Amino acid sequence: MSLSSEHKEKIISLIGKEKVFSKENVEMDEGTFNSFGTDRTKVYSPNFTLLCFPKSTEDVSTLVKYAYQNNIKIVPSGGRTGYAGGAIAKEDELVISLSKMDSVIDFDPFFASITVGAGMITKNLHKEAESKGYFFPVDFAATGSSHIAGNIATNAGGVRVVHYGLIRNWVLGMKVVIGTGEILEFNGSILKNNTGYDLKHLLIGSEGTLGIITEVSLKLTKIPHDTQVLLFAVSDYSSILNLFKFSHNSSLPLLAFEFFSDLCLGKVKEHLGLASPFPTSSAYYVLMEFEIQDESDNDKLYKFLEEVVNEGLVEDGSVSQNSRQKETFWKYREGISESLSILHTVHKNDISLPLRKMEPFLNDLELLLASKYPGFEIALFGHIGDGNLHLNILKPASLSNEEFFKECKNVDPEMFELIKKHSGSISAEHGIGLLKKDFLEFSRSKIEIELMKEIKKAFDPKGIMNPGKVI
Ligand SMILES: Cc1cc2nc3c(=O)[nH]c(=O)nc-3n(C[C@H](O)[C@H](O)[C@H](O)COP(=O)(O)OP(=O)(O)OC[C@H]3O[C@@H](n4cnc5c(N)ncnc54)[C@H](O)[C@@H]3O)c2cc1C
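A short tour of the structure in this document, coming up.

Reading the values: the criteria
- Residues numbered from 1 in each chain as written.
- Predicted model: local features only at pLDDT ≥ 70, side-chain atom pairs only at ≥ 80, totals over all residues.
- Heavy atoms only, no water.
- Helix = DSSP H or I, 4+ residues; strand = E, 2+ residues; numbered from the N terminus.
- Rg over C-alpha atoms; globule rule 2.2 N^0.38 Å.
- Buried < 20%, exposed > 50% of the residue type's maximum accessible area, 1.4 Å probe, protein only.
- Contact = heavy atoms within 4.5 Å.
- Areas by Shrake-Rupley, 256 points an atom, 1.4 Å probe, with all protein chains shown as cover.
- Lys, Arg positive; Asp, Glu negative; His and termini not counted.
- Charge placed at Lys NZ, Arg CZ, Asp CG, Glu CD.
- Core = buried A, V, L, I, M, F, W, Y, C linked by side-chain atoms within 4.5 Å.
- Domains from an automatic or database assignment.
- Phe/Tyr/Trp six-rings, centres within 6.5 Å; stacked < 30°, edge-to-face > 60°.
- Lys NZ or Arg CZ within 6 Å of the ring centre and 35° of its normal.
- Expected span 1.5 Å × (residues − 1).
- Arc of directions from axis to C-beta.
- Polar contact = N/O pair within 3.5 Å; in protein donor to acceptor, adjacent residues only side chain to side chain.
- Axes fitted to C-alpha atoms, helices over the stretch in contact; angles between N-to-C directions.
- Parallel < 35°, antiparallel > 145°, perpendicular 65-115°, else oblique.
- Nonpolar A, V, L, I, M, F, W, Y, C, P; charged D, E, K, R; others polar.
- Near = heavy atom within 4 Å.
- 1 Å grid on protein atoms, 1.4 Å probe; cavity = no way out; pocket = protein on both sides within 12 Å on 5 of 7 lines; lining within 4 Å.
- Points joined across faces, edges and corners; volume = space filled by probe spheres on them.

## Quick word on the overall build of the chain
Next, step 1: Counting its secondary structure elements, the chain contains 15 helices and 16 strands.
Next, step 2: Here the C-alpha radius of gyration of the chain, 23 Å, is about what a compact globule of 471 residues would show, namely 23 Å.
Next, step 3: Overall, the C-alpha framework of the chain stretches about 70 × 60 × 45 Å when taken along its three principal axes.
Next, step 4: Burial statistics for the chain: of 471 residues in total, 54% are counted as buried.
Next, step 5: In the chain, the proportion of contacts linking residues at least 24 apart, taken out of those at least 6 apart, comes to 74%.
Next, step 6: Of the roughly 20,600 Å² that the chain leaves accessible, carbon and sulfur atoms contribute 50%.
Next, step 7: Taking the 50 positively charged and 62 negatively charged side chains of the chain as two groups, their mean positions are separated by 4 Å.

Now the structure itself:
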């Protein structure tokens with residue numbers, strides 16, 4: 001008997017008819033229904049029958065209490081832009097979407113903090129912050145769809161980590177419903193609270209396995225002054241590293257330091273119909289964004305340009321002349337994920353390494369692929385200033401999807417061994433979810449994994465919160 005027929009009526013009586021949908025509901029077509037139990041991985045098919053849209057923390061608590069009493073498994077569903085399979089419901093779990101909890105709850109104009117519902121779309125949070133004269137700095141290509149709590153549950157990074165850090169830095173407090181249905185409030189919206197373990201940090205990056213985040217309080221910051229976006233063509237990896245070093249020496253606030261290979265540029269040009277940024281192609285491209293506070297910063301910028309040209313670090317370069325050109329430069333970088341996914345079948349990896357180890361790692365990887373998987377082409381891009389590479393393997397035409405993903409299953413552990421050898425992490429910012437669960441021990445020790453399991457038990461004694469994910 002499916003979850004739907006057994007429990008639907010009871011759940012309706014608890015939270016109200018308008019918040020409960022089942023697969024056979026005529027109000028929602030099957031595609032839309034299924035989209036709430038999936039994400040962007042395209043590896044697993046959703047399979048669930050009951051979907052709820054609570055409107056308050058109390059609704060969430062009621063649902064989780066019912067699930068706890070009846071041993072029903074739950075998948076918290078955010079904006080479903082994840083790349084780790086964390087929001088996949090494939091075992092007839094109860095899917096709880098936070099989409100209807102998306103309003104501003106409080107704003108403190110003195111301390112510059114905001115409290116919002118978990119389901120607020122990240123871009124809407126940007127707008128709310130700006131309307132109040134502030135800035136929320138976590139940003140990337142999916143923030144038009146992702147939820148703020150989904151960002152927190154994955155400890156999201158993005159294109160401005162090099163300056164502002166991961167989302168963890170911006171979370172003051174949160175309201176959470178843990179696996180028993182109890183409502184906990186971690187830290188309110190204060191900055192200092194040195195009273196033992198700071199439990200909110202356990203929820204950040206927990207991918208829905210400890211509880212459902214229902215409200216979040218975030219610190220805001222000042223809106224950056226004007227910015228300048230620079231695009232450079234570079235021939236090799238060591239030039240990228242040196243560019244990064246020079247950018248620090250310039251003493252200009254560096255807001256972003258991103259890179260992509262010529263292969264990625266080609267895909268974005270093809271998919272978005274953009275022209276080449278430079279007359280000839282280079283191996284890599286670096287996009288940098290600096291904050292320009294006054295005229296003296298412009299002088300610093302030109303000094304920086306002079307230095308990198310004199311040092312022979314770049315083959316070509318361009319400084320944005322207006323906001324439209326800034327947007328275009330950003331499109332070359334932010335359009336990559338989408339262009340690759342639309343033009344190809346892709347196997348994604350999101351890894352981090354100490355910057356110094358990046359080149360030896362890439363050399364080792366090249367040797368591995370050339371010797372064992374010669375048909376595999378790699379599209380490389382990422383937040384290189386954070387030591388974060390998005391490493392996408394493109395399916396060769398000679399392989400079927402099934403054969404390709406089977407091969408990728410063999411490549412991954414060999415690549416993760418290399419990441420371990422070079423002291424990196426198998427997941428920089430996308431998380432573990434279902435996709436990397438079997439490989440956690442490449443980045444975490446046995447004792448760490450045991451401790452994580454004990455922590456999960458404390459929050460979720462019956463193991464109903466997003467089971468099968470992360471640990
Ligand atoms: C084009 C593109 C670019 C991207 N770029 C980046 C990038 O630069 N940096 C980056 O970090 N990520 C990036 N991502 C990945 C993704 O957008 C992030 O992981 C994002 O934070 C996920 O948020 P979401 O709301 O979509 O979460 P979902 O995908 O819905 O869920 C992610 C996980 O969080 C859990 N979850 C969701 N809501 C809650 C809640 N209220 N309480 C508890 N758990 C919850 C889910 O169960 C799941 O385990 C990108 C994705 C795309 C498609």
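## As for the nonpolar core
Next, step 1: Counting 56 residues, the largest nonpolar core has Leu94, Phe136, Ile148, Ile152 and Met174 as the members making the most contacts within it.
Next, step 2: Looking at which domains feed residues into this core, each of domain 1 (3-100) and domain 2 (104-219) supplies at least three.
Next, step 3: Aside from chain neighbours lying at most four places away, what touches isoleucine 148 is Val116, Gly117, Ala118, Met120, Thr122, Leu125, Phe136, Ile167, Val216 and Leu218.
Next, step 4: In terms of nonpolar packing, the next biggest core, distinct from the first, is built from 54 residues, Tyr284, Val286, Ile351 and Ile419 among them.

## Here we look at the packing of aromatic side chains
By convention here, two paired aromatic rings are described through the distance between centres and the angle between planes.
Next, step 1: In the structure shown here, the tally under the stated rule is 18 aromatic pairs.
Next, step 2: Summarising the aromatic geometry, the rings of phenylalanine 244 and phenylalanine 257 are spaced 4.7 Å apart at their centres and angled 50° between planes, so their arrangement reads as tilted. Residue phenylalanine 244 is found in helix α8 (residues 237-249), and its partner phenylalanine 257 is found in strand β11 (residues 254-261); the two are separated by 13 residues along the sequence. Grouping residues by exposure puts phenylalanine 244 and phenylalanine 257 together as buried.
Next, step 3: Ring centres of phenylalanine 404 and phenylalanine 405 lie 5.3 Å apart, and the angle between their planes is 55°; this geometry places the pair in the tilted category.
Next, step 4: Residue phenylalanine 405 is classed as partly exposed on the basis of its relative accessible area, which comes to 29%.
Next, step 5: Positioned over the ring face of phenylalanine 36 is arginine 80, at 4.0 Å from the centre of the ring.
Next, step 6: Over the face of the ring belonging to phenylalanine 107 we find lysine 132, whose NZ or CZ atom lies 5.4 Å from the ring centre.

## Here we look at helix α11 (residues 323-334)
Next, step 1: The end-to-end C-alpha distance of α11, which contains 12 residues, comes to 16 Å, matching closely the 16 Å that a straight helix rising 1.5 Å per residue would cover.
Next, step 2: When we look at burial in α11, the residues that qualify are Lys326, Phe329, Trp330, Tyr332 and Arg333. The buried side chains of α11 occupy one side of the element, clustering within an arc of 145° when seen end-on. α11 presents Arg324 and Glu327 as exposed residues on the side facing more than 90 degrees away from its buried surface.
Next, step 3: Here α11 starts with a cap whose side-chain oxygen sits 3.2 Å from the backbone nitrogen of arginine 324, and that cap is asparagine 322.

## Describing the packing of α8 against helix α13 (residues 355-372)
Next, step 1: Contact geometry of α8 with α13 gives a least axis separation of 10 Å together with a crossing angle of 170°. Taken together, the axis directions place α8 and α13 in an arrangement best described as roughly antiparallel. For the pair formed by α8 and α13, the contact residues are Tyr237, Ser238, Leu241 and Phe244 on the first element and Leu355, Met358, Glu359 and Leu362 on the second.
Next, step 2: Split by residue class, the contact of α8 with α13 holds six nonpolar, one polar and one charged.

## Quick word on the site of the ligand
Next, step 1: Near the ligand there are 34 residues, and of these Pro76, Gly79, Arg80, Thr81 and Glu429 occur at the shortest range.
Next, step 2: One of the side-chain nitrogen or oxygen atoms of glutamate 429 is found 2.7 Å away from a nitrogen atom of the ligand.
Next, step 3: Between an oxygen atom of the ligand and a side-chain N or O atom of asparagine 466, the distance comes to 3.2 Å.
Next, step 4: The protein chains hide 97% of the 970 Å² of surface that the ligand would expose on its own.
Next, step 5: Looking at the shell around the ligand, the elements that each hand over two or more residues are α5 (148-153) and β9 (211-219).
Next, step 6: Here the shell around the ligand gets four residues from one element, more than from any other, and that element is α5.

## Section: the layout of surface pockets
Next, step 1: The volume enclosed by the second largest pocket comes to roughly 790 Å³.
Next, step 2: In terms of lining, the second largest pocket is formed by 32 residues, of which the most central are Ile204, Gly205, Arg444, Met452 and Val470.
Next, step 3: Every element with two or more residues in the lining of the second largest pocket is listed here: α7 (200-203) and α15 (446-459).
Next, step 4: In terms of residue count, α15 provides more of the lining of the second largest pocket than any other element does, five residues in total.
Next, step 5: In terms of residue class, the lining of the second largest pocket is built from 13 nonpolar, 13 polar and six charged.
Next, step 6: When residues of the lining of the second largest pocket are sorted by domain, at least three fall in each of domain 2 (104-219) and domain 4 (344-430).

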